[in-house]
Amino acid sequence: MERKKPDVDVILDVLKETLAANPTSTFTASLLQQYQERGGLSKKQLEGLYHKASKVNTITEGKLATLQAIILKKPTRYKSPLPQPTPAFIKDEATGKLITAILEKYPQHKRVLFFKANYDSNKPFAVTETEELKRFHKLLIEK
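**Student:** What is the right way to look at the side chain of Thr 28 in this model?
**Tutor:** As for its placement among the helices and strands, Thr 28 is situated in helix H2 (residues 26-38). Within polar-contact distance, the side chain of Thr 28 engages the side chain of Ser 25 at 3.0 Å. The residues touching Thr 28, leaving out its near neighbours within four places in the chain, are Leu 15, Thr 18, Leu 19 and Lys 52.

Now the structure itself:
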């Protein structure tokens, strides 16, 4: 982007005049340093500069209006909200019902007790383990 008059820099003028009016302001000094190093400021930084500069009487209304136009030209960035965390493991209710049904009838069944311990500690079941549990249910409960 080429400027028509490259020697006119409204942001730099406003920064220098604001710093001259309030030389103890670390905010304005840091904005000036950042503007000189990077060549630009973010929209939020320009808004902060505008609020500081609007309190200074020596800055002309034209420069403030130009600064406000520059601020309005810059895009507003919105952060999307973080997605809700999904649980790493979701318990299978059918497996839990099979385990409780078997343990009601045979409370000392060692393999099903092992499955219950894994189920309670949220460990995922392998397909073979689920099939084994269904087979136990079929043999022991559905006679």
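Structure's up, so let's keep going.
**Student:** How do you make sense of the nonpolar core when you look at a structure like this?
**Tutor:** Where a protein is soluble and globular, its nonpolar side chains tend to be buried together. One finds Ile 11, Val 14, Leu 15, Leu 41, Leu 49 and Leu 67 to be the most contacted residues of the largest nonpolar core, which totals 17 residues. Breaking this core down by element, the ones donating at least two residues are helix H1 (10-21), H2, helix H3 (43-53) and helix H4 (61-73). Broken down by element, the residue count for this core peaks at five residues, all from H1. If we skip the residues at most four places from it in the chain, Ile 11 touches Tyr 35, Leu 41, Leu 46, Leu 49, Leu 67 and Ile 70. Counting residues in hydrophobic clusters, the runner-up holds eleven residues, among them Ile 102, Val 112, Tyr 119 and Phe 125.

**Student:** Can you help me understand the pattern of salt bridges in this one?
**Tutor:** For the structure on display, the rule yields four salt bridges. The salt bridge involving Glu 17 is made with Lys 63; its shortest N-O contact spans 3.0 Å. Of this pair, Glu 17 sits in helix H1 while Lys 63 sits in helix H4, placing them 46 residues apart in sequence. Judged by its relative accessible area of 23%, Glu 17 is partly exposed. The residue Arg 111 makes a salt bridge to Glu 132 at a minimum N-O spacing of 3.1 Å. With Arg 111 in helix H6 (residues 110-120) and Glu 132 in helix H7 (residues 127-140), this residue pair connects regions lying 21 residues apart in the sequence. Under the relative-accessibility criterion, Arg 111 is labelled partly exposed at 30%. With a relative accessible area of 17%, Glu 132 lands in the buried category.

Cut-offs used in this document
Residues numbered from 1 in each chain as written. Predicted model: local features only at pLDDT ≥ 70, side-chain atom pairs only at ≥ 80, totals over all residues. Heavy atoms only, no water. Helix = DSSP H or I, 4+ residues; strand = E, 2+ residues; numbered from the N terminus. Polar contact = N/O pair within 3.5 Å; in protein donor to acceptor, adjacent residues only side chain to side chain. Contact = heavy atoms within 4.5 Å. Core = buried A, V, L, I, M, F, W, Y, C linked by side-chain atoms within 4.5 Å. Buried < 20%, exposed > 50% of the residue type's maximum accessible area, 1.4 Å probe, protein only. Salt bridge = Lys/Arg side-chain N within 4 Å of Asp/Glu carboxyl O.

Honestly, that's just the spatial picture; any functional story needs more than this.
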